[in-house]
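Examining the three-dimensional arrangement
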Amino acid sequence: RPANEPEHATLAQVLPAVTTHGQLDELFIDRGYLASPLIADLHTAGVAIRAKVWTSRNGDRFPKQAFTIDLAAGHVTCPAAHTVPIPPGATTVHFPATTCQPCPRRADCTTARRGGRPIALHPQEAFLQTLRAAQQDPEGRARLRTRPTIEHSLARVQQIQGQKARYKGLRKNTLDLRPGPAVSAVQRRGRQ
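Residues numbered from 1 in each chain as written. Predicted model: local features only at pLDDT ≥ 70, side-chain atom pairs only at ≥ 80, totals over all residues. Heavy atoms only, no water.

With respect to the helices, strands and loops of the structure, Gly140 is situated in helix α5 (residues 138-144). When its relative accessible area of 11% is taken as the criterion, Gly140 is described as buried. (Helix = DSSP H or I, 4+ residues; strand = E, 2+ residues; numbered from the N terminus. Buried < 20%, exposed > 50% of the residue type's maximum accessible area, 1.4 Å probe, protein only.)

Even without glycine at this site, Ala81 takes up a positive phi of about 70 degrees. Topologically, Ala81 is positioned in the loop between β4 (75-77) and β5 (83-85). Relative accessible area serves as the criterion here: at 60%, Ala81 is assigned to the exposed category.

With antiparallel pairing, three strands are arranged side by side in an open sheet as β3-β4-β5. The sheet is open, and its two edges are formed by β3 (68-70) and β5, each paired on a single side. With strand direction ignored, the average angle separating the axes of adjacent strands in the sheet is 15 degrees. Here three bridges tie β3 to β4, and the two strands are oriented antiparallel to one another. By the bridge assignment, Asp70 is partnered in β4 with His75. (Pairing = 2+ DSSP bridges. Axes fitted to C-alpha atoms, helices over the stretch in contact; angles between N-to-C directions.)

This next bit is on the nonpolar core. Counting 15 residues, the largest nonpolar core has Leu27, Ile29, Leu34, Ile39, Leu42, Ile49 and Leu131 as the members making the most contacts within it. Of all elements in the fold, only α1 (7-19), α2 (37-44) and α4 (125-136) reach the threshold of two or more residues within this core. When residues in this core are grouped by element, the largest group, three residues, is from α4. Excluding its chain neighbours within four sequence positions, the residues that come into contact with Leu131 are Leu34, Ile49, Ala51 and Val53. (Core = buried A, V, L, I, M, F, W, Y, C linked by side-chain atoms within 4.5 Å. Contact = heavy atoms within 4.5 Å.)

Have a look at this one:
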């Protein structure tokens with residue numbers, strides 16, 4: 001695939017090659033793949049998705065994670081315990097100015113001069129909440145720690161092969177790439 005192609009765009013091409021080796025039960029991915037609509041489909045089909053989700057930042061003020069987003073009940077609660085409903089199909093929930101302006105925790109929440117604090121809702125918010133909960137769980141964090149070993153292996157292959165393709169054409173470069181992981185595995189066994 002072209003190097004400048006987004007990761008989530010390649011998932012549709014990579015997935016069939018992966019499933020030819022058997023049923024997919026667990027998928028370790030990085031954040032770039034979360035934008036693919038196939039991820040939600042795989043999760044719905046029972047595949048355990050292992051990924052660290054983006055952490056929203058708001059400077060030194062309350063991030064999105066400080067708010068309780070209850071999709072089942074259809075409301076969002078702020079750290080000061082104010083609750084607003086989630087309108088059907090909304091991608092953003094706005095706390096009203098009448099709630100935020102007099103709030104004693106306003107300085108910790110927003111810098112908006114007019115209006116209240118907005119909270120963006122991702123189209124896959126429920127799925128992202130599941131992934132965030134796994135990041136907070138000790139067992140979930142332990143499962144996520146197996147992913148860096150994969151990244152280290154890939155970095156080692158890059159160290160052996162280099163950053164650029166040596167040949168023109170996919171087939172030749174695929175054949176050139178395959179000895180790299182084998183060499184890396186032999187070197188790892190030799191150190192143990």
